Amino acid sequence: MTENPTPPASPSGASGDTGLATVAHATVFTGFLIPLILWLVGRERSAFTDTEGKEALNFGILVTIGYVAANVLGQIGLGFFGWLLNLAVFVIALIFGIQGAVAASKGQGYRYPFTLRLVS
């Protein structure tokens, strides 16, 4: 009886590595907390999850700053502009998050068009 050889290590972004990265990108519209948790859980599992988790986390930080700015505008009497900024941040984060999730699910890296690179 011969044993099956162990399967070769999957390349970066193979199907087993994409789950947490995909979810991290898909949840950036919520802010930084969920991408942070997913990155902390998955960063040791694969380089792909580490890289994509950091990318989603950095964009999530920017999204959180946008939400805070919108709330500040709302509190100082510029409620309409605060609401408008909040909506714009949500829509932009949702669109880019979906694009990132689709790319990560295919095992491809995704870079947000604009973000703060605070976590490297």
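Each remark here, short or long, concerns the structure printed above.
Residues numbered from 1 in each chain as written. Predicted model: local features only at pLDDT ≥ 70, side-chain atom pairs only at ≥ 80, totals over all residues. Heavy atoms only, no water.

To continue, consider the overall build of the protein chain. Helix and strand counts for the protein chain come out as four helices and zero strands. Starting at the N terminus and ending at the C terminus, the protein chain contains elements arranged as α-α-α-α. Within the protein chain, the fraction of its 120 residues that count as buried is 39%. For the protein chain, the proportion of contacts with a sequence separation of at least 24, taken over those separated by at least 6, is 65%. Working note: accessible area of the protein chain is about 7,200 Å², and carbon and sulfur atoms make up 67% of it. (Helix = DSSP H or I, 4+ residues; strand = E, 2+ residues; numbered from the N terminus. Buried < 20%, exposed > 50% of the residue type's maximum accessible area, 1.4 Å probe, protein only. Contact = heavy atoms within 4.5 Å. Areas by Shrake-Rupley, 256 points an atom, 1.4 Å probe, with all protein chains shown as cover.)

Okay, the packing of aromatic side chains next. Tallied over the entire structure, the rule returns eight aromatic pairs. Aromatic side chains Phe 59 and Tyr 112 sit 4.2 Å apart centroid to centroid with 5° between the ring planes, which places their arrangement in the stacked category. Note that Phe 59 is positioned in helix α3 (residues 47-75) and Tyr 112 in the segment after α4 (79-105), a separation of 53 residues in sequence. Like Phe 59, the residue Tyr 112 is buried in the burial classification. Summarising the aromatic geometry, the rings of Phe 59 and Phe 114 are spaced 6.2 Å apart at their centres and angled 65° between planes, so their arrangement reads as edge-to-face. One end of the pair, Phe 59, is in helix α3; the other, Phe 114, is in the segment after α4, with 55 residues separating them in the sequence. (Phe/Tyr/Trp six-rings, centres within 6.5 Å; stacked < 30°, edge-to-face > 60°.)

Among the structural elements, Thr 22 can be located in helix α1 (residues 18-26). Owing to a relative accessible area of 18%, Thr 22 belongs among the buried residues under this scheme.

What follows deals with the environment of Asp 50. In this fold, Asp 50 is placed in helix α3. It is 9.8 Å that separates the C-alpha atoms of Asp 50 and Asp 17, two residues lying 33 residues apart in sequence. Those residues in contact with Asp 50 that sit more than four places away from it in its chain are Trp 39 and Arg 43.

Along helix α2 (residues 33-42), the positions that sit buried rather than exposed are Pro 35, Leu 38, Trp 39 and Gly 42. Buried residues in α2, looked at end-on, bunch into an arc of 100°, giving them a common side. Buried residues along α2 sit against α1 and α3. (Arc of directions from axis to C-beta.)

Let us now look at the side chain of His 25. When you line up the elements, His 25 lands in helix α1. Residues within four places of His 25 in sequence aside, it is in contact with Glu 52, Glu 55, Ala 56, Gly 97, Gly 100, Ala 101, Ala 104, Tyr 110 and Tyr 112.

With that settled, consider the packing of α1 against α3. Between α1 and α3, whose axes approach to 9 Å, the crossing angle comes to 5°. Put simply, α1 runs roughly parallel to α3. Touching Thr 18, Leu 20, Ala 21, Ala 24 and His 25 of α1 are Phe 48, Thr 49, Glu 52, Glu 55 and Ala 56, all from α3. Tallied by class, residues from the contact of α1 with α3 come to five nonpolar, three polar and two charged. (Axes fitted to C-alpha atoms, helices over the stretch in contact; angles between N-to-C directions. Parallel < 35°, antiparallel > 145°, perpendicular 65-115°, else oblique. Nonpolar A, V, L, I, M, F, W, Y, C, P; charged D, E, K, R; others polar.)

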